[in-house]
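Letter by letter, the chains look like this.
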Amino acid sequence: MNVPLVIAAPDVLAEKTSWLHQLAHERRLAVKSVEAYERDLRQFLCFLSHHLGGPPTLADLADLKPLDLRAFLAKRRREGAGARTLGRGLAGIRSFLRHLERQGLANAAGAVAMRAPRQPKSLPKPLSARDALKVVDAGEQMVGEPWIAARNAAVLTLLYGCGLRISEALALTRDDFPAGVETLRITGKGGKTRLVPLLPVAAEAVAHYLALCPFQSDAAVPMFRGARGGVLQPAIVQKQMRLLRGALDLPETATPHALRHSFATHLLAGGGDLRTIQELLGHASLSTTQVYTGVDTARLLEIYDRAHPRA
């Protein structure tokens with residue numbers, strides 16, 4: 001008969017149960033998140049049982065040193081765990097140690113002070129120029145009331161044509177579109193303002209929507225309205241993109257924000273310089289904008305691998 005592996009002393013297991021209950025019922029974490037935290041802590045306790053030569057007790061956890069945590073992360077890395085997995089595991093251990101600290105049973109300072117493994121930067125996932133134009137053109141062709149179709153087309157055109165965040169597009173008012181307007185003054189994150197050129201096609205899409213919209217709102221309040229006249233919510237635009245993904249056979253990464261990524265990537269591919277693109281996107285740091293150079297390089301390599309006879 002197999003004897004179950006005891007990974008921790010009873011006092012630790014009791015606190016583990018209390019901690020999981022707190023995560024699920026007080027912090028109301030999703031079931032999958034609680035399961036992930038439990039799994040990560042179980043792996044750590046199993047490691048400690050071998051590292052210390054026996055099931056760890058609360059006294060052992062109170063005496064943990066950064067070296068013990070580094071040894072655990074090193075073991076997990078040797079087993080093939082990536083930086084994201086290691087970072088999440090360290091977050092679970094920190095959470096449990098902070099729980100013990102609140103009970104006066106341990107000091108979590110060492111775990112909190114440890115740097116998580118550097119996370120690899122994921123590249124933005126823009127649409128191709130062809131797909132981005134298909135999305136914008138199809139926005140007005142979806143079944144629905146003409147003014148709603150015009151609204152959807154105007155919003156999507158602003159996201160791609162001006163590189164706006166969805167919150168920025170939905171905050172625009174009639175006052176932002178006086179006759180002959182050529183630039184938009186956008187207020188972005190942190191209240192930072194920037195000027196963005198308004199393409200004629202975007203101005204025409206907005207004018208068409210305003211002409212059809214049955215709700216004549218105050219000129220200083222958001223102009224994009226929902227079906228019942230309230231302020232248009234981001235979830236409605238996101239739902240529209242999901243419908244377009246199905247209709248146009250686009251990948252799951254085709255989201256409203258992907259249109260902003262597409263704006264930046266296509267400008268860069270067309271010869272735009274990073275400083276200008278930084279200003280147009282409203283990025284506080286050039287390093288944030290530089291991620292798009294990785295997208296452009298990745299796309300060039302993909303084309304090379306597909307087309308070059310020696311690839």
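Nothing here was measured: the structure is a model prediction, and the numbers come from that model.

Calculation notes
Residues numbered from 1 in each chain as written. Predicted model: local features only at pLDDT ≥ 70, side-chain atom pairs only at ≥ 80, totals over all residues. Heavy atoms only, no water. Helix = DSSP H or I, 4+ residues; strand = E, 2+ residues; numbered from the N terminus. Expected span 1.5 Å × (residues − 1). Buried < 20%, exposed > 50% of the residue type's maximum accessible area, 1.4 Å probe, protein only. Phe/Tyr/Trp six-rings, centres within 6.5 Å; stacked < 30°, edge-to-face > 60°. Contact = heavy atoms within 4.5 Å. Polar contact = N/O pair within 3.5 Å; in protein donor to acceptor, adjacent residues only side chain to side chain. Axes fitted to C-alpha atoms, helices over the stretch in contact; angles between N-to-C directions. Parallel < 35°, antiparallel > 145°, perpendicular 65-115°, else oblique. Left-handed = near helix turned anticlockwise from the far one by under 90°. UniProt positions renumbered as here; feature names shortened; annotations may be inferred.

Compared with an ideal rise of 1.5 Å per residue, which puts 14 residues at 20 Å, helix 12 (residues 256–269) spans 20 Å between its outermost C-alpha atoms and is within 8% of the ideal. With respect to burial, helix 12 is a largely interior element, 11 of its 14 residues being buried. Among all positions in helix 12, only P256, A258, L259, R260, H261, S262, F263, A264, T265, H266 and L268 are buried. Phi turns positive, to about 105°, at G271, one or two residues after helix 12.

A full pass over the atoms with the stated rule returns 7 aromatic pairs. On the numbers, 5.5 Å between centres and 55° between planes, the contact of F47 with F72 is tilted. One end of the pair, F47, is in helix 2 (residues 31–51); the other, F72, is in helix 4 (residues 66–78), and 25 residues separate them in sequence. An aromatic cluster of three or more residues is present, and its members are W19, Y37 and F96.

Tracing the chain through its elements places H51 in helix 2. Each C-alpha atom, one on H51 and one on D68, is 8.3 Å from the other, the two residues being 17 residues apart in sequence. With near-sequence residues (within four places) excluded, H51 lies in contact with D68 and A71. Within the structure, H51 has its side chain in polar contact with the side chain of D68 (distance 3.0 Å).

Before going further, it helps to spend a moment on the packing of helix 12 against helix 13 (residues 274–281). Between helix 12 and helix 13, whose axes approach to 10 Å, the crossing angle comes to 160°. With respect to their mutual orientation, helix 12 and helix 13 come out roughly antiparallel. Crossing of helix 12 over helix 13 shows right-handed handedness. Taken together, the residues of helix 13 that come into contact with helix 12 (itself represented by R260, F263, A264, L267 and L268) are L274, I277, L280 and L281.

Mapped onto this structure's residue numbering, the UniProt feature "active site" (unreviewed entry) falls at R165, K189, H257, R260, H283 and Y292. Note on placement: H283 falls in the loop between helix 13 and helix 14 (286–289). In contact with H283, other than residues within four places in its own chain, are R165, K192, R260, Q278, T288, T289 and Y292. With respect to the helices and strands, Y292 occurs in helix 15 (residues 291–307).

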